[in-house]
Amino acid sequence: MATDIKDTIHAVEASAVMKLLPVRPRLFALGEPTHGEDALLDLRNELFGQLVEQEGYRTIAIESDCMMGLVVDDYVTSGTGTLDDVMERGFSHGFGASRANRELVRWMRAHNDGRPAPERLRFAGCDGPLEITGAASPRQALTALHGYLSAQVDPGLLPCTAEVLDRLLGADDQWTEPAAMTDPARSAGRSAGARELRLHADDLVALLDAQTPHLIAATSRDAWERARLYGRTATGLLRYHYWMADTSPNRMTRLVALRDRMMADNLLAVAERGPALVHAHNGHLQRNKSTMRMGGMALEWWSAGAIASAHLGDGYAFLATALGTIRHRGVDTPAPDTVEGLLHALPEDRYLVDAPALAAALADARPAPRVSPWFGYAPLDPAHLADTDGMVFIRDVTQS
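Residues numbered from 1 in each chain as written. Predicted model: local features only at pLDDT ≥ 70, side-chain atom pairs only at ≥ 80, totals over all residues. Heavy atoms only, no water.

Enquirer: Summarise the pairing of strand β2 (residues 27–32); cite the residues concerned and give the values.
Expert: Judged by how many residues are buried, β2 sits mostly within the fold: six of six residues are covered. Of the two faces of β2, the one carrying Leu27, Ala29 and Gly31 and the one carrying Phe28, Leu30 and Glu32 are both buried. Relative to strand β10 (residues 316–325), β2 runs parallel, the two being bridged by four bridges. Directly across from Leu30, in β10, lies its bridge partner Leu319. (Buried < 20%, exposed > 50% of the residue type's maximum accessible area, 1.4 Å probe, protein only. Helix = DSSP H or I, 4+ residues; strand = E, 2+ residues; numbered from the N terminus. Pairing = 2+ DSSP bridges.)

In structure tokens form, the structure reads like this:
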């Protein structure tokens, strides 16, 4: 068995990854099993640099707020703002504090300096403006979409005025009420104003689509693409808030599925621009259904990666990441009968694994699922190996 396993491993390099794939994917999805470890982000940065230099990739998308990501994109493409400010305002989930994320942004800006627009690297957040504890107000996205359209089309075509939007939106704190995540009655998502906003948002997006030829000619394709981001974010947030006010048993399942649906829409938009590296949690990028227990409930839904893969076929590739130890988090040497344990017994620090070949090699062994003592690390599910294009295994993650 050991010989078979060794035959499935390669150096962690972009060129080796491409040899595992039938075609160069438009979305190269690199998953991570935990957040907050710069060692994983350093490897991501390294692979992205190789994909840029060797394979012509031009965009990186990460699991961060798509609206905040525009701040980062403006900086790396045109130098707008300062690096400190961008790290403060351009990332959600606390990711702006990461040394490796800072290095990524710094490198992208340096790479773009002096290059023509078609050769510049782009940055995108692929997550919605969402946190576990709630969702943002739709104000920023909705008013930005209205502003873009009002500057370019006949005012008579707009479904409402900016003043009407402002009145219906009301105070932002009604949208961001933290208690709404656990108490549907505290959500503003099904108020009369919220219902009217959903209709206006839908009409604004329809107008944006109908005016596409004019808008691209009058502004630019980049400006139109940004307006599309505003539109899908506004409608996605209003939909999310609507279901936050739901009282049915399927409420949480619907909310986690809506989040991944928003992520999938953002990823498919990124893919339209050209080949991109996507970095997010394994659970958001895998082709298999995602599962989670929350408040005693078992949730199951299709991930953003599963949705994107269904749309793109061979244009989507997924590499999971698995780890041996994270000792500073209490994750010690994996049991020898797990996939992580078998790989941890090999001598090198990291490997690229041909996941389908490894699944075939281990078919008779039936490796056991690993159980992590720390909730923040999601172990590899051995049943998913055959549906994964490859896997990055890192033997030991040390504290940053």
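Enquirer: How would you summarise the pairing of strand β9 (residues 297–301) if you had to cite specific residues and measurements?
Expert: Alignment of strand β8 (residues 290–294) against β9, held across five bridges, turns out to be antiparallel. When the sheet's bridge partners are listed, Met294 is paired in β9 with Met297. Hairpin remark: β8 followed by β9, antiparallel, with two residues in the connecting loop; positive phi at Gly295, about 60°.

Enquirer: Report on the sheet that holds strand β12 (residues 390–396), specifying residues and quantitative values.
Expert: Ordered by their spatial adjacency, eight strands build an open sheet running β1-β11-β12-β10-β2-β7-β3-β4, and the pairing between neighbours is mixed. On the outer flanks of this sheet lie β1 (9–10) and β4 (122–127), each paired with one strand and no other. As defined by bridge partners, strand β3 (residues 59–65) adjoins β4 across five bridges and the pair is classed as parallel. Its bridge partner lying in β4, Ile62 is registered against Gly125.

Enquirer: Let's hear about the packing of helix α7 (residues 139–150) against helix α11 (residues 221–244): which residues, and what values?
Expert: Packing of α7 against α11 leaves a shortest axis separation of 8 Å and a crossing angle of 140°. In terms of orientation, α7 and α11 fall into the oblique class. You can see that α7 and α11 cross each other, and the crossing is left-handed. Across the interface between the two elements, Ala141, Leu142, Ala144, Leu145 and Tyr148 from α7 touch Ala223, Trp224, Ala227, Tyr230, Gly231, Thr233 and Ala234 from α11. Taken together, the residues of the contact of α7 with α11 sort by class into ten nonpolar, two polar and no charged. (Axes fitted to C-alpha atoms, helices over the stretch in contact; angles between N-to-C directions. Parallel < 35°, antiparallel > 145°, perpendicular 65-115°, else oblique. Left-handed = near helix turned anticlockwise from the far one by under 90°. Contact = heavy atoms within 4.5 Å. Nonpolar A, V, L, I, M, F, W, Y, C, P; charged D, E, K, R; others polar.)

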